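Examining the three-dimensional arrangement
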Amino acid sequence: MKKKVIITSSIVAIACLLFFTFQPKPETKVHANQPNIYAKSGIAIDATTGEILYGKNEHTTAQPGSLVKLMTALLLLERMQPEDEVTITQHALDTEEGTKKIKLQAGEKLKRDEALRLMLVISVDPVAESVAEQLAGSKEKFTALMNRRAKELGSKNPSFKNASGIDAWGQHMSPYDLALIAKELLKHPEAVKAMQTVTAPIQTSLQDTTITNNGRKDLFHDPYALASKSGRTNIGGYTLAAVYEKDGKRVISIVLTDDEEHLYKDGAIMAHYSL
C-alpha cells in the first residue's frame, strides 16, 4: 500500500508541476514603496482588523503546503472539546505521508490538544487526516467543510483537497485566503501556544514522548516573532504563516512559493514593514 501511495503521489506531483510550468506566469505586483521579498507571493495583515498592510501577488493562488493544517486546526478547535479524543485510523496512515519525528499506530488515541500540537508543531499528516475522518466521516466531506468555512471567513475561491496539505491536483489558496484563516485561528489561545512551541511532551493512549521543531528556532531570532507554521511540498516549495507583535500591534505574515533560505527572512521583511 505504501509503495502504491508513493507512486500515486509522484504522478500527482509530476502532473501538477507540468500544469504550473506551462501556465502563464502572473505579473509580479508589489505595492508602491514596499520592500520586495524573494517569494512569489506574500501578504501581511493586521491580526485584529484584517487590513492589508503589505501585498505581493496576495490574491494569486498557489499550493499552500502544510498551511492547510491551519484550517484543519481551526475546525478541530471549533468542533471538539479538550477532553474529546482523536483516533488514528489505518486509512490515514495508508494515505498520508508519515514523519520520522513520531510513529503512530492505527487505533491510537490522543486528546484534542495533543492532536493540535502534533499538527502545528511537527505537522503530522496522518493526524490531520484522522481529524478529518472523525469530524466529517471522510476526506471528501471534510474538504467540503473546509471550503465552506473558508468562504464564511471571506475567502473568494478556496480549493482544499485534503486536510494535511500534501500535493494534490487543484489544491490552491492565495496568501489573502490563508491570512483570513490564520486571523480566525489566532482567536484560540491553544493554537497560538502550539504555534509558539519548539519542544513539547506528547501523551497518547500508547506512548509518552517528546516532539521538537528545531526549524522554528529560526523564527525566534526576530525579537518581534510570536508564532509560526511552516510547510514544504514538491510543487509549492516552502510556505509560512508567521505572527509578529510590537507595542500591542499584531501582524500576520503569509509567504507562498519560497525557498528555505528566504522563508523566515521574507516573513520578517513584510512584518517589520507593517509593524
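Look up a bit, the structure's there.
Quick caveat: nothing in here was measured; it's all calculated off a predicted structure. (Residues numbered from 1 in each chain as written. Predicted model: local features only at pLDDT ≥ 70, side-chain atom pairs only at ≥ 80, totals over all residues. Heavy atoms only, no water.)

Attention now goes to the pairing of strand 6 (residues 208-212). Both strand 5 (residues 199-203) and strand 6 contribute to a ladder of five bridges, which runs antiparallel. Residue pairing across strands places T199 opposite T212, the latter belonging to strand 6. (Pairing = 2+ DSSP bridges. Helix = DSSP H or I, 4+ residues; strand = E, 2+ residues; numbered from the N terminus.)

Attention shifts here to the environment of E58. Looking at where E58 falls in the secondary structure, it is placed in the loop between strand 2 (52-56) and helix 2 (68-79). For E58, a relative accessible area of 8% corresponds to the buried category. Between the C-alpha atoms of E58 and G42, which are 16 residues apart in sequence, the distance is 5.5 Å. (Buried < 20%, exposed > 50% of the residue type's maximum accessible area, 1.4 Å probe, protein only.)

Okay, helix 5 (residues 125-136) next. The terminal C-alpha atoms of helix 5 lie 17 Å apart, and with 12 residues this matches the ideal 16 Å at 1.5 Å per residue to within 8%. Summarising burial for helix 5: nine of the 12 residues are buried, a large majority. Buried residues along helix 5 sit against helix 2, strand 3 (85-87), helix 3 (90-95), helix 4 (112-120) and helix 6 (139-152). G137 sits one or two positions beyond helix 5 and adopts a positive phi of about 100°. (Expected span 1.5 Å × (residues − 1). Contact = heavy atoms within 4.5 Å.)

Here we come to the sheet that holds strand 8 (residues 237-246). Spatially, five strands are ordered 2-1-9-8-7 in an open sheet, and the strand pairing comes out antiparallel. Across the chains shown, the open sheet's two edge strands, defined by having one partner strand only, are strand 2 and strand 7 (225-233). The mean angle between the axes of side-by-side strands here comes to 10°, regardless of whether they run parallel or antiparallel. In this sheet, strand 8 lies alongside strand 7 in antiparallel orientation, the contact comprising eight bridges. Directly across from K229, in strand 8, lies its bridge partner A241. Sheet contacts for helix 9 (residues 263-274): strand 1 (41-46), strand 2, strand 7, strand 8 and strand 9 (249-258); angle to strand 9, the most-contacted strand, approximately 145°. (Axes fitted to C-alpha atoms, helices over the stretch in contact; angles between N-to-C directions.)

Once their charged atoms are close, side chains differing in charge can pair, the charge on each being opposite to the other. On inspection of all chains with the given rule, the structure shows nine salt bridges. In this structure, the salt-bridge partner of R250 is E245, at a minimum N-O distance of 3.0 Å. Judged by its relative accessible area of 31%, E245 falls in the partly exposed class. (Salt bridge = Lys/Arg side-chain N within 4 Å of Asp/Glu carboxyl O.)

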